[in-house]
Amino acid sequence: MVRAVAVMPDGTTVVEDLKHRALQLFDANCEFLRKVHIRPASIGYHDLLPNPRGGGVFMKNDPGATYTVRSSAGGAPPPPPTSRPLWHVDLGGEEARNHTVVEG
């Protein structure tokens, strides 16, 4: 389930794969390189932006995204998020490491 794609300066293609909860990396010849797992909280309505310096991607929330919250306990659902962070995701290991660059 591809959600977003980014092409890095060196030609590496990064694909956000929702089904496998990972970022799939392919070289400039479309050969699979490896998978970088992402945390469930990082998965969803994103755009991927290549870091021009390499080594990672920026992930931002899709401004057109809608949020659906269901509760088995009943009552009113919590309000939708009030901020949209921009994360830098380091692709150097098997597990993605992300940190917030800015919140909007």
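All figures in this text were calculated on a predicted structure; none of them were measured in a lab. (Residues numbered from 1 in each chain as written. Predicted model: local features only at pLDDT ≥ 70, side-chain atom pairs only at ≥ 80, totals over all residues. Heavy atoms only, no water.)

Structural notes on the overall build of the protein
For the protein, the helix and strand inventory stands at zero helices and eight strands. Listing each helix as α and each strand as β along the protein from the N terminus yields β-β-β-β-β-β-β-β. Taking all contacts inside the protein whose residues are at least 6 apart in sequence as the whole, residues at least 24 apart take part in 39%. Carbon and sulfur atoms make up 55% of the accessible area of the protein, which totals about 6,600 Å². (Helix = DSSP H or I, 4+ residues; strand = E, 2+ residues; numbered from the N terminus. Contact = heavy atoms within 4.5 Å. Areas by Shrake-Rupley, 256 points an atom, 1.4 Å probe, with all protein chains shown as cover.)

Quick notes on the pattern of salt bridges
Counting across every chain of the model gives one salt bridge. Between D90 and R97 there is a salt bridge, with its nearest N and O atoms 2.4 Å apart. Residue classification places R97 among the partly exposed positions, given a relative accessible area of 47%. (Salt bridge = Lys/Arg side-chain N within 4 Å of Asp/Glu carboxyl O. Buried < 20%, exposed > 50% of the residue type's maximum accessible area, 1.4 Å probe, protein only.)

Points about unusual backbone geometry
In this structure, R21 takes a positive phi of about 50° despite not being glycine. Note that R21 resides in the loop between β2 (13-17) and β3 (22-26). One non-glycine residue, C30, lies in the positive phi region at around 70°. As for its position among the elements, C30 is in the loop between β3 and β4 (32-37). For C30, a relative accessible area of 63% corresponds to the exposed category.

Concerning a nonpolar patch on the surface
Taken together, the side chains of V2, V5 and V7 present a nonpolar region at the surface, about 280 Å² in accessible area. In this structure, V5 sits in strand β1 (residues 2-7). (Patch = residues over 30% accessible without salt bridge, like charges linked within 9 Å, V, L, I, M, F, W, Y side chains within 5 Å.)

Overview of the environment of V5
What makes V5 partly exposed here is its relative accessible area of 47%. In contact with V5, not counting residues within four places along its chain, are T13, V14, V15 and L48.

Focus: the confidence of the model for the protein
Here the protein shows a mean pLDDT of 78. Residues at 70 or above account for 71%. The element-level mean pLDDT for the protein is lowest in strand β8 (residues 97-103), coming to 78, with β4 highest at 94. (pLDDT = per-residue confidence, 0-100.)

What to know about the environment of P50
Here P50 is to be found in strand β5 (residues 46-50). Contact partners of P50, with chain neighbours within four places excluded, come to A6, V7, M8, G56, V57 and F58.

Brief notes about the environment of T100
Residue position: T100 is located in strand β8. Taking relative accessible area as the criterion, T100 reaches 38% and is therefore assigned partly exposed. Considering only alpha carbons, one finds T100 and F58, 42 residues apart in sequence, at a separation of 9.5 Å. What T100 contacts, discounting residues up to four positions off in sequence, is P85, L86 and W87. Separated by 3.5 Å, the side chains of T100 and W87 make a polar contact. (Polar contact = N/O pair within 3.5 Å; in protein donor to acceptor, adjacent residues only side chain to side chain.)

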